[in-house]
Amino acid sequence: MGYYSIFSNLFFILVFVTGMVSQQDKSLKTVDTQVIHAGALIAVEKGQVINDVVIVIEGKKIVKIEKGSAKTKYNPIIDLSEYTILPGLIDCHSHLTSPYFDTSIDAYEMAIASYGVLGTVYAKKTLEAGFTSVRDVGGVFYSDVALRDAIHNDWIPGPRMYVSGKALTMTGGHGAWGNWLAPHMKLEPNPGFPADGEDEVRKQTRTLIKNGVDLIKINATGGFGTSKSIPGAASFTIEEMKAAVQEANKNGLKVAAHAHGADGIKNAIKAGVNSIEHGTFLDDESVQSMKNQKVYLVMDLLAAHYELIEKNDDFSDKKTNLNNQEMFQKLSGNFNKAYTQGVKMAFGTDSGIYPHGRNAEQFNLMVKAGMTEMDALRSATIIAAELIGIEDKTGSIEEGKWADLIAVKGNPLEDISLLEKVEFVMKEGKIYKSPIQ
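On a predicted model such as this, the values are computed, not experimentally measured, just so you know.

### Description of the overall build of the protein chain
Regarding its fold elements, the protein chain presents 12 helices and 14 strands. Of all 437 residues assigned to the protein chain, the portion counted as buried reaches 52%. Put simply, of all contacts in the protein chain between residues at least 6 apart along the chain, 67% involve residues at least 24 apart.

Quick look at the structure:
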């Protein structure tokens, strides 16, 4: 047989095999196609409600959005015609390995591995509450990194996670474990434990990046949850925070700054951070700085309400000169100030301070503080996605984006508390909760 005949035969074999593979691919795509008929769809990017919609999903992505009349073309259909479909929600300030709300657990005596084990429980609750993505800002001993990877590998159910590892802090700062210890007591160093001076901050930032974090968190002020720490007091210098920002930016990472007091907020903005977390005591100047520099604000009204109002914790040592009711009113007022003056506000609840899975309760607090229902929803979808840097993949229901979808009965733009009763959850085309048996 000549070379021509050999190559001719090989060519036809190749065409045949390619055709078979192509047919198999089409078959696989058909099997992997899901179609949802929604009674209504909230298009957060347009600020619109669209009635009677069909959403076609192939694999992990949305491939087509049509009017409900198109449903006759498809079989089977996931019938959510009595429900409103929304993008999967995003919480930009979570602590999925944190059990600090649970007084039956001594977090300081718990084995390190236990944080990750508990995280699997909290992650499932968070996902089933409708949150398909979270930005986790402060995990213990890289338990957040391990939990993120376990969810990504589909070992356990949970929201998509973007994690910071332990937050960077200064000696005596918020999150510096052992602030209450006598001088002769010593804790072994760990990334995220105190760093002082630009060189130490730079080294700790590099260590966190080496260990696989997605962003850097730095504590620009004191905090409520740390002994002998004053929330309103600034901590790191601008130069120290700049060192962290430079190292993060070199690696394409963003920086979140824990900051309650106005001075610390302004210092963090000058250092180049991407978001301010909490912002409890912000003032007009810090609001204007956030707006001018396009820095996002993540105000955790739910965690504050839980500690100040539900539990009525004693914060008399924090030098606020306010009782708990006054403190929460001030926080709500500052939330309104930032919102009405045009600061970009991303949804974040500080989960782990309160029991996991209650995240959506914050929507009602935001609306009570003066935010419209649509803007509250946008803060937890498209704006939250922008802050994380995943707006091209999620945050809205559009063709080409991940099939991150939730459903509620009724219209949350008329009653925002409906988001506390999510009945359907899909993340990347996989259903984790459904009213349909």
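The discussion continues.
### Here's the deal with the sheet that holds strand β6 (residues 131-136)
One open sheet holds the 3 strands; their spatial order is β5-β6-β7, and the pairing between them is parallel. In this open sheet, the two edge strands, each paired with only one partner strand, are β5 (89-94) and β7 (160-163). Adjacent strand axes in the sheet meet at a mean angle of 15 degrees when their direction is disregarded. Two strands pair when backbone bridges link them, and β6 and β7 are joined in this way by 4 bridges, in the parallel orientation. By the bridge assignment for β7, D136 is matched with V163. The strands that helix α3 (residues 143-152) touches are β6 and β7; relative to β7, the one it contacts most, it runs at about 150 degrees.

### Let's talk about the pairing of strand β4 (residues 78-87)
The element β4 is extensively covered by neighbouring structure, given that 7 of its 10 residues are classed as buried. The sheet contact formed by strand β1 (residues 33-43) and β4 spans 5 bridges and is parallel. Bridging from a neighbouring strand, I36 pairs with I78 of β4. Note that β4 and strand β12 (residues 405-408) share 4 bridges and pair antiparallel. Residue pairing across strands places P87 opposite L405, the latter belonging to β12.

### So, the nonpolar core
Of all hydrophobic cores here, the largest spans 105 residues; its most connected members are I218, I276, M290, L297, M345 and F363. Other than its neighbours up to four places away in sequence, L297 contacts I276, H278, G279, L282, M290, A338, V343, K344, M345 and A346. Grouped together as the second largest cluster of nonpolar side chains are 18 residues, L41, V53, I55 and I85 included.

### A look at a negative patch on the surface
Taken together, the side chains of D196, E198, D199, E200 and E239 make up a negatively charged region of the molecular surface. In terms of residue count, the dominant contributor to the negative patch is helix α4 (residues 197-210) (3 residues). Structurally, the position occupied by D196 is in the loop between β7 and α4. A relative accessible area of 34% means that D196 is categorised as partly exposed.

### Examining the environment of T320
Here T320 shows up in the loop between α8 (301-310) and α9 (324-340). You can call T320 buried: its relative accessible area is 16%. Sequence separation between T320 and F281 is 39 residues, and the spatial gap between their C-alpha atoms is 9.6 Å. Excluding residues that lie within four positions of it along the chain, T320 makes contacts with F224, F281 and M327.

### Thoughts on the sheet that holds strand β3 (residues 61-67)
Pairing within the open sheet is mixed, and its 7 strands lie in the order β3-β2-β1-β4-β12-β13-β14. Looking at strand neighbours, the two that pair on one side only are β3 and β14 (430-433), the edges of this open sheet. The average angle at which neighbouring strand axes cross in this sheet is 40 degrees, direction not considered. Sheet topology places β12 next to strand β13 (residues 424-427); 3 bridges connect them, and they run antiparallel. Of the residues in β13, the one forming a bridge with A407 is F424.

### Details of the packing of aromatic side chains
Scanning the entire structure with this criterion turns up 4 aromatic pairs. Site record: aromatic cluster; members linked through ring pairs are F131, F347 and F363.

### Thoughts on the packing of α4 against helix α5 (residues 238-250)
For the pair α4 and α5, the least separation of the axes is 8 Å and the interaxial angle reads 30 degrees. The orientation of α4 relative to α5 falls into the category roughly parallel. α5 is crossed by α4, and the crossing has right-handed handedness. Between α4 and α5, the contacting residues are G197, E198, V201, R202, T205, R206 and I209 on the first element and E239, E240, A243, A244, Q246, E247, A248 and K250 on the second. Considering only residue class, the contact of α4 with α5 consists of 5 nonpolar, 3 polar and 7 charged.

### So, unusual backbone geometry
A cis amide bond links N75 with the next residue in sequence, P76, at an omega value of 5 degrees. Along the chain, the position of P76 falls in the loop between β3 and β4. Not every positive phi belongs to a glycine, and F141 is a case in point at roughly 50 degrees. By the element assignment, F141 lies in the loop between β6 and α3. Despite not being glycine, E428 shows a phi value in the positive range, around 50 degrees. Here E428 shows up in the loop between β13 and β14.

The rules behind these values
Residues numbered from 1 in each chain as written. Predicted model: local features only at pLDDT ≥ 70, side-chain atom pairs only at ≥ 80, totals over all residues. Heavy atoms only, no water. Helix = DSSP H or I, 4+ residues; strand = E, 2+ residues; numbered from the N terminus. Buried < 20%, exposed > 50% of the residue type's maximum accessible area, 1.4 Å probe, protein only. Contact = heavy atoms within 4.5 Å. Pairing = 2+ DSSP bridges. Axes fitted to C-alpha atoms, helices over the stretch in contact; angles between N-to-C directions. Core = buried A, V, L, I, M, F, W, Y, C linked by side-chain atoms within 4.5 Å. Patch = residues over 30% accessible without salt bridge, like charges linked within 9 Å, V, L, I, M, F, W, Y side chains within 5 Å. Areas by Shrake-Rupley, 256 points an atom, 1.4 Å probe, with all protein chains shown as cover. Salt bridge = Lys/Arg side-chain N within 4 Å of Asp/Glu carboxyl O. Lys, Arg positive; Asp, Glu negative; His and termini not counted. Charge placed at Lys NZ, Arg CZ, Asp CG, Glu CD. Phe/Tyr/Trp six-rings, centres within 6.5 Å; stacked < 30°, edge-to-face > 60°. Parallel < 35°, antiparallel > 145°, perpendicular 65-115°, else oblique. Left-handed = near helix turned anticlockwise from the far one by under 90°. Nonpolar A, V, L, I, M, F, W, Y, C, P; charged D, E, K, R; others polar.

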